[in-house]
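Chain residues, written in single-letter form:
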Amino acid sequence: MVGATLFHRRKHSWPTEEFISRSTLQLLDFDSAAPPPHAWRRRLNCHANILKEFTITFREAIKMVRLGIRLWSYVREEASHGRKAPIDPFTKENCKPSASQGVPLGGMGSGSISRGFRGEFKQWQITPGTCDPSPMMSNQFSIFISRDGGHKKYASVLSPGQHGSLGKSRDKGLSSWGWNLNGQHSTYHALFPRAWTIYDGEPDPELKISCRQISPFIPNNYRDSSLPAAVFVYTLVNTGKERAKVSLLFTWANSMGGTSHMSGGHVNEPFIGEDGVSGVLLHHKTGKGNPPVTFAIAASETQNVNVTVLPCFGLSEDSSFTAKDMWDSMEQDGKFDQENFNSGPSTPSLAGDTICAAVSASAWVEAHGKCTVSFALSWSSPKVKFSKGSTYDRRYTKFYGTSPRAALDLVHDALTNYKRWEEDIEAWQNPILRDERLPEWYKFTLFNELYFLVAGGTVWIDSSSLNANGNSQHQQSGLGNSDGKVGGLDINDQRNDLGNGNSVGVKSNDEVSAIHNRNGLFVDTPHVDDGDDVGRFLYLEGVEYVMWCTYDVHFYASYALLMLFPKIELNIQRDFAKAVLSEDGRKVKFLAEGNVGIRKVRGAVPHDLGMHDPWNEMNAYNIHDTSRWKDLNPKFVLQVYRDFAATGDYQFGIDVWPAVRAAMEYMEQFDRDNDDLIENDGFPDQTYDTWTVHGVSAYCGCLWLAALQAAAAMALQIGDKFFAELCKNKFLNAKAALETKLWNGSYFNYDSGSSSNSKSIQTDQLAGQWYAASSGLPPLFEESKIRSTMQKIFDFNVMKTKGGKMGAVNGMHPDGKVDDTCMQSREIWTGVTYAAAATMILSGMEEQGFTTAEGIFTAGWSEEGFGYWFQTPEGWTMDGHYRSLIYMRPLAIWGMQWALSLPKAILDAPQINMMDRVHLSPRSRRFSNNFKVVKHKAKCFGNSALSCSC
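Now for a look at the structure at hand. Everything numeric here is computed off the predicted structure, so don't read it as measured data. (Residues numbered from 1 in each chain as written. Predicted model: local features only at pLDDT ≥ 70, side-chain atom pairs only at ≥ 80, totals over all residues. Heavy atoms only, no water.)

### Examining the overall build of the protein chain
Stage number 1. Helix and strand content of the protein chain: 23 helices and 32 strands.
Stage number 2. A buried classification covers 67% of the 950 residues belonging to the protein chain.
Stage number 3. If you take every contact in the protein chain between residues at least 6 apart in sequence, the share linking residues at least 24 apart comes to 73%.
Stage number 4. Entry remark: accessible area of the protein chain is about 31400 Å², with carbon and sulfur atoms responsible for 49%. (Helix = DSSP H or I, 4+ residues; strand = E, 2+ residues; numbered from the N terminus. Buried < 20%, exposed > 50% of the residue type's maximum accessible area, 1.4 Å probe, protein only. Contact = heavy atoms within 4.5 Å. Areas by Shrake-Rupley, 256 points an atom, 1.4 Å probe, with all protein chains shown as cover.)

Right, dumping it as structure tokens:
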């Protein structure tokens, strides 16, 4: 899709030589020690400014006062039960967010720890749904250097500056460490999942140091990408005339962040493993009934590298061996006593005390010589427990077992396999990095936005634990059965029907009813062997909006999973397909209006898979009744068809088809005037949940048109020809109605109402067209209308927003003024901007698309921006104040990459002619007149209130 000469501009190009001297780069040019040509870069002495959060206007506050009161009451009620509300704007963290983030550690779904670009370990997310941003300042790498003759000595923590937290009374030991690195000649280079820190003559002018951080995030590797481990490879180059004894030190507190290290009962234990891997296990006793965690820190001993450990030292002055004692010992000897390996487990720590461990790796580096030293960190938290009791085994336990001591095996395998990881990572990334047509900022931002799949809060469980560990009440789903039938329909017969032209849809009344009657919460996948069973996957909407797999946002983010881990993406869609056919009759109070409804309505796609008991208790979101939202069901149909077309997985299509039909049938109730076009209901009934919509809307209307196309195309491929004709007829009628009501000659009006913003230009108005083009479907409108709309968005929402340097504002009046109808209309949403850019690329407007997306980079990632790297928020205001850091939707940048490299399966997908239709009477055009209406009631099974229609 990209022209050969389009993007040769050098704007936002950061040559490595501007950060590191050419001579140092040459010295480090071996064993991947030098940072790559394309990376996000910072100097370690950069100021990490405090980020500014958005505020609502007085007018917005007046409108939201009732919601605020109800939300405050709900937050307090949840807290009284020891639970966290999914949205809590009232509780603020003590550690204010700053522009200090970096590449996070570990694979997906086993808990995560982030590491700031200046070296601090922070953003602790070991327990699902919790995130402690505070750094543990005892967790550091340090270096001790002495030259022959002893007249040159250096000792320094490899992190710049004296941090304010070090002066506290109980941390006086840490204050004695050598916090003297300036950082002026040290730089950080990030290309997720790796990062490089280069110390160019700091602290020793004659020693060049490279630290390479590696995590196992490897596309299509469903084993290693689940591992909670990271490797730190230090490359040392001695430019002096004397050999140098260099000791690298890795220190770690027995802590999960926050104040967990003070709770007591923690134990440290040294170990000597295989292949020269030695270190310390830190057994952490968690509170509040959470499963225990064991950390491992280790280094590889080689012929030239000697590894020693200090299993336990304390941070308080009355510790038997203090942090100062540890530092003094390293300064004097450069190592610890070898006998420490025989000390056995430490005495459990007392409440109020903090215990830490240290691993030292020492080597002699000859004059003008080089040396490599490797460390690793792992954490084993085999059980994931949700706050309402459900417990599962994490994905990595399928390969390492459920013992917390698996941390030892994890750290060993990380140190012995990291070179293979790097080979696989480079094979994945190099084709994009070497594509000269693409701007540099895009190349590394594309990969760095993937940080969210590690640091955004992910849970990846082993399928075998679904019916174990006290979860036997969770039945298997009817979406795909081992007898080869789907809801009573023989799949083999269906395949035969594809060949003889019979319509499955005409004879399927009982089939729909049968699939509705299946009990169960988890989606079974009996049609694949164990090698293809990749477990179940959850990821949060954001660390501030704590809901699993929020579906209206996954619509934007899902391109990343589809391109990199397609089996995970299909399983998420299977989970939602099962959810469509389920009902939960428990009463819920919706906070926006104060009305009461049921938690989950059959036929409606849930907003999310839950919070406190995901899969079993869906729709944690309770601001609005999302069963009345107009975007969720079309988004489900669009995602399913795109995934079906892209993967060519026919069995997946068979499995989810009943849910697709049910989702389409459900939406028909929102066609109030029988023109086959859905209408909005005068409240914020879509992903923009403070932005009211009246009548027909461009956003939901276009999603509906695209869903009709997708359902028709999928029905034809499945063999449901009658349903395909229904959708084609509806599409043509709905398209005519939408164009009549909303097209104004240059773009589609926001909605058909008469409010002050009804003629606003919405950036996201052609989201349906984005998916249609991404899925190989025909365009929703004439090409001239699509290009005119996207050009209008570019000219107004993009270029009139600080000259295109901030992204696309959600709403803009035709007079060029920002639509300030509500909080969200005046915001710039990062993921929506990326989605608009992808739509432009698919419409042949590549230059406008990259200019649009570059505004997000400029405002969020560049040095002159607001500091949102590795914590990209949902959006920001015109003055750059954020809302909801570390958010799912910015993964939509992978929608741009999808547009640039449409897979062959999409390009070669069967074409559907939406203009070729069978004439149907107005009555026979109704879904509800062609499928059996299923009466349903809430029926409990096991301990779950979920039920399917009876």
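### Observations regarding the sheet that holds strand β8 (residues 207-214)
Stage number 1. Across the sheet, which stays open at both edges, the nine strands sit in the order β1-β6-β7-β8-β9-β16-β13-β12-β11 with antiparallel pairing between neighbours. Edge positions in the open sheet fall to β1 (40-43) and β11 (267-272), since each of these has one partner strand only. Recorded for the sheet is a direction-independent mean angle of 15° between the axes of neighbouring strands.
Stage number 2. Note: β11 against strand β12 (residues 277-284), six bridges, orientation antiparallel. Counted as the bridge partner of F271 is G279 from β12.
Stage number 3. Here helix α7 (residues 406-433) sits on the sheet in contact with β6 (186-191), β7 (194-200), β8, β9 (229-238), β11, β12, β13 (293-300) and β16 (370-380), set at roughly 110° to β16.
Stage number 4. Strands in contact with helix α8 (residues 440-448) are β1 and β6; relative to β6, the strand with the most contacts, it is inclined by about 75°. (Pairing = 2+ DSSP bridges. Axes fitted to C-alpha atoms, helices over the stretch in contact; angles between N-to-C directions.)

### Structural notes on the pairing of β16
Stage number 1. Among the 11 residues that make up β16, nine are buried, leaving the element largely enclosed by the rest of the structure.
Stage number 2. Bridging between β9 and β16 involves nine bridges; their strand directions are antiparallel. Residue pairing in the sheet places V231 in a bridge with A376 of β16.
Stage number 3. Looking at chain direction, β13 and β16 are connected through six bridges and run antiparallel. Counted as the bridge partner of F295 is W379 from β16.

### Re the layout of surface pockets
Stage number 1. Of the volumes computed, that of the second largest pocket is approximately 390 Å³.
Stage number 2. Residue lining of the second largest pocket: 21 residues in total, with Y74, E78, V588, R599 and N622 positioned closest to the centre.
Stage number 3. At the level of elements, α3 (65-80) and β23 (582-589) are the ones that each hand at least two residues to the lining of the second largest pocket.
Stage number 4. The element contributing the most residues to the lining of the second largest pocket is α3, with five residues.
Stage number 5. The residue makeup of the lining of the second largest pocket, split by class, is seven nonpolar, five polar and nine charged. (1 Å grid on protein atoms, 1.4 Å probe; cavity = no way out; pocket = protein on both sides within 12 Å on 5 of 7 lines; lining within 4 Å. Points joined across faces, edges and corners; volume = space filled by probe spheres on them. Nonpolar A, V, L, I, M, F, W, Y, C, P; charged D, E, K, R; others polar.)

### Examining the nonpolar core
Stage number 1. Grouped together as the largest cluster of nonpolar side chains are 304 residues, with contacts concentrated most on F232, F375, L450, Y539 and F636.
Stage number 2. Examining the composition of this core, we find that 17 residues originate from one element, helix α16 (residues 698-718), more than from any other. (Core = buried A, V, L, I, M, F, W, Y, C linked by side-chain atoms within 4.5 Å.)

### What about the side chain of R642?
Stage number 1. Tracing the chain through its elements places R642 in helix α14 (residues 632-647).
Stage number 2. Separated by 2.8 Å, the side chains of R642 and Y771 make a polar contact.
Stage number 3. Non-local contacts of R642, meaning those with residues more than four positions away in its chain, are made with S558, Y559, L562, E569, Y771, S775, W898 and I906. (Polar contact = N/O pair within 3.5 Å; in protein donor to acceptor, adjacent residues only side chain to side chain.)

### Considering the packing of aromatic side chains
Stage number 1. By the definition in use, this model includes 71 aromatic pairs.
Stage number 2. Between W40 and Y188 the ring centres are 6.3 Å apart and the planes differ by 80°, which places this aromatic pair in the edge-to-face class. Placement of W40 in strand β1 and of Y188 in strand β6 is noted, with a sequence separation of 148 residues between them.
Stage number 3. The class for Y188 is buried, based on a relative accessible area of 2%. (Phe/Tyr/Trp six-rings, centres within 6.5 Å; stacked < 30°, edge-to-face > 60°.)

### Topic: empty space enclosed by the protein
Stage number 1. Per the counting criterion, the structure on display carries eight cavities of 30 Å³ or more.
Stage number 2. Surrounding the second largest cavity, 15 residues form its lining, Q125, T127, P128, G457 and T458 being those nearest its centre.
Stage number 3. Of the residues contributing to the lining of the second largest cavity, the split by class is six nonpolar, eight polar and one charged.

### So, the sheet that holds strand β29 (residues 828-829)
Stage number 1. Read across the open sheet, the three strands follow the order β29-β30-β31; overall the sheet is antiparallel. Each of the sheet's edge strands pairs with one partner strand only, and the pair in question is β29 and β31 (882-883).
Stage number 2. Here β29 runs beside strand β30 (residues 875-876); their pairing, made up of two bridges, is antiparallel. Bridged to I828 within β30 is W876.

### So, the pairing of β12
Stage number 1. Burial of β12 is extensive: eight of the eight residues sit out of reach of the surface.
Stage number 2. Between β11 and β12, which follow one another and run antiparallel, lie four residues, and D275 among them has a positive phi close to 60°.
Stage number 3. Here β12 runs beside β13; their pairing, made up of eight bridges, is antiparallel. Looking at β13, one finds that V280 is bridged to I297.

### What to know about the environment of S226
Stage number 1. Inspection of the secondary structure assignment puts S226 in the loop between β8 and β9.
Stage number 2. Residue class for S226 comes out buried when judged on its relative accessible area of 0%.
Stage number 3. Considered as a pair, S226 and V459 are 233 residues apart in the sequence and their alpha carbons are 9.6 Å apart.
Stage number 4. Setting aside residues no more than four positions away along its own chain, S226 makes contact with M108, S110, R395, Y396, F399 and W460.
Stage number 5. Only 2.7 Å separates the side chain of S226 from the backbone oxygen of R223, close enough to count as a polar contact.

### Some thoughts on the packing of α8 against helix α21 (residues 846-860)
The packing of two helices is summarised by the inter-axis angle and the distance between the axes.
Stage number 1. Remark: α8 packs on α21, axes separated minimally by 11 Å, with the N-to-C direction vectors making an angle of 60°. Taken together, the axes of α8 and α21 are oblique relative to one another. Considering only the axes of α8 and α21, their crossing is left-handed. For the pair α8 and α21, the contacting residues are W441, Y442, F444 and T445 in the first and F850, A853, E854 and F857 in the second.
Stage number 2. Classifying every residue of the contact of α8 with α21 gives six nonpolar, one polar and one charged. (Parallel < 35°, antiparallel > 145°, perpendicular 65-115°, else oblique. Left-handed = near helix turned anticlockwise from the far one by under 90°.)

### Comments concerning the packing of helix α20 (residues 830-842) against α21
Stage number 1. Running from N to C, α20 and α21 cross one another at 170°; their axes reach a closest spacing of 7 Å. Looking at the two axes, α20 sits roughly antiparallel to α21. For the pair α20 and α21, contact is made by T830, T833, Y834, A837, M840 and I841 and by E846, Q848, G849, F850, T852, A853 and I856, respectively.
Stage number 2. For the contact of α20 with α21, the residue count by class is seven nonpolar, five polar and one charged.

### Examining the environment of F295
Stage number 1. Note that F295 resides in strand β13.
Stage number 2. Judged by relative accessible area, which is 0%, F295 ranks as buried.
Stage number 3. The spacing of F295 and S380 is 85 residues in sequence and 6.3 Å in space, taken between C-alpha atoms.
Stage number 4. Apart from the residues lying within four places of it in its own chain, the contact partners of F295 are I113, W124, W252, S255, M256, V280, L281, L282, H284, S378, W379 and A407.

### Some thoughts on the state of the cysteines
Stage number 1. Throughout the structure, instances matching the rule amount to zero disulfides.
Stage number 2. The thiol of C312 is not disulfide-bonded; the next cysteine sulfur, from C356, is found 8.0 Å away. (Disulfide = S-S within 2.5 Å.)

### As for the environment of W196
Stage number 1. Position of W196 relative to the elements: it lies in strand β7.
Stage number 2. W196 sits 162 residues away from A34 along the chain, and the two C-alpha atoms are 7.7 Å apart.
Stage number 3. Dropping the residues within four chain positions of it, W196 is found in contact with S32, A33, A34, P35, P36, T187, Y188, H189, L191, S210, C211 and R212.
Stage number 4. Side-chain polar atoms of W196 contact the backbone oxygen of S32, separated by 2.9 Å.

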